[in-house]
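Breakdown of the fold
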Amino acid sequence: MSFLGRGPAAPSSAGSLSSERVEAAIQEVELITDVFNRIVSSCHSKCINQRYLDGELSKGESVCIDRCVAKFFDANKKMGEKLQAMGASAGGAGGLTSL
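Everything numeric in this text was worked out from a predicted model, so none of it was measured.

We now examine the overall build of the protein. Looking only at helices and strands, the protein features two helices and zero strands. Looking at the protein as a whole, 13% of its 99 residues are labelled buried. Relative to all contacts within the protein whose residues are 6 or more apart in sequence, the contacts with residues 24 or more apart total 39%. By element, 59% of the accessible surface of the protein is carried by carbon and sulfur atoms, the whole surface being about 8,300 Å².

In structure tokens:
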């Protein structure tokens, strides 16, 4: 569920935002910002020459950035699917053991 309009919206009984929903929205924005910053940092260091020779990206830099971002999201998607599968198998096997 997304609190920023990207997913199905939950109906609000009172029509106002609760503090829990606001906090969840703030956490979602922080998560999205963190992912964006990691993509920028990683792809910039891999694709952009440290000596800026031109005000525009070269064709090679543009292609590199496009591929880098696509690989970043593909890797995150695969990792998320793997973690979900691990969680489902752990949940089906009895869940957490008691201490």
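A few words on the nonpolar core. Counting residues in hydrophobic clusters, the biggest one holds six residues: Val35, Ile39, Cys43, Cys47, Cys68 and Phe72. Secondary-structure elements contributing two or more residues to this core are α1 (19-47) and α2 (59-92). Take this core: its biggest share by element is four residues, from α1. For Cys47, the contacting residues outside a window of four places in its chain are Glu61, Cys64, Ile65 and Cys68.

What follows is about α1. Here α1 spans 42 Å end to end across 29 residues, near enough to the 42 Å set by a 1.5 Å rise per residue. Turning to α1, its buried residues are Ala24, Ala25, Glu28, Val35, Ile39, Ser42, Cys43 and Cys47.

A word on the pattern of salt bridges. Here the structure, examined in full by the defined rule, presents two salt bridges. As a salt-bridge pair, Asp34 and Arg38 come within 3.2 Å of each other at their nearest N and O atoms. Linking Asp34 with Arg38, this pair stays in helix α1, spanning four residues, or about one helical turn. The partner of Lys78 in a salt bridge is Asp74, with the nearest N and O atoms 3.5 Å apart. Taken together, the residues span about one helical turn, with Lys78 and Asp74 both in helix α2 at a distance of four residues.

One pass over the full model with this rule turns up two disulfides. The disulfide partner of Cys43 is Cys68, and the S-S distance across this bridge is 2.0 Å. Measuring handedness by torsion sign, the sulfur bridge of Cys43 and Cys68 sits at about -90° and is left-handed. One end of the pair, Cys43, is in helix α1; the other, Cys68, is in helix α2, with 25 residues separating them in the sequence. Shown here is the disulfide that connects Cys47 with Cys64, its sulfur atoms set 2.1 Å apart. Taking the torsion about the S-S bond as the criterion, the Cys47 to Cys64 disulfide, at about -70°, is left-handed. Placement of Cys47 in helix α1 and of Cys64 in helix α2 is noted, with a sequence separation of 17 residues between them. Bonded cysteines in the protein are paired 1-4, 2-3 when counted in the order they occur along the chain.

The next thing to look at is the packing of aromatic side chains. As enumerated under the stated definition, the model contains one aromatic pair in all. On the numbers, 6.2 Å between centres and 85° between planes, the contact of Phe72 with Phe73 is edge-to-face. Using a relative accessible area of 16% as the deciding quantity, one classes Phe72 as buried. Judged by relative accessible area, Phe73 falls into the partly exposed class, the value being 46%.

The rules behind the values
- Residues numbered from 1 in each chain as written.
- Predicted model: local features only at pLDDT ≥ 70, side-chain atom pairs only at ≥ 80, totals over all residues.
- Heavy atoms only, no water.
- Helix = DSSP H or I, 4+ residues; strand = E, 2+ residues; numbered from the N terminus.
- Buried < 20%, exposed > 50% of the residue type's maximum accessible area, 1.4 Å probe, protein only.
- Contact = heavy atoms within 4.5 Å.
- Areas by Shrake-Rupley, 256 points an atom, 1.4 Å probe, with all protein chains shown as cover.
- Core = buried A, V, L, I, M, F, W, Y, C linked by side-chain atoms within 4.5 Å.
- Expected span 1.5 Å × (residues − 1).
- Salt bridge = Lys/Arg side-chain N within 4 Å of Asp/Glu carboxyl O.
- Disulfide = S-S within 2.5 Å.
- Phe/Tyr/Trp six-rings, centres within 6.5 Å; stacked < 30°, edge-to-face > 60°.

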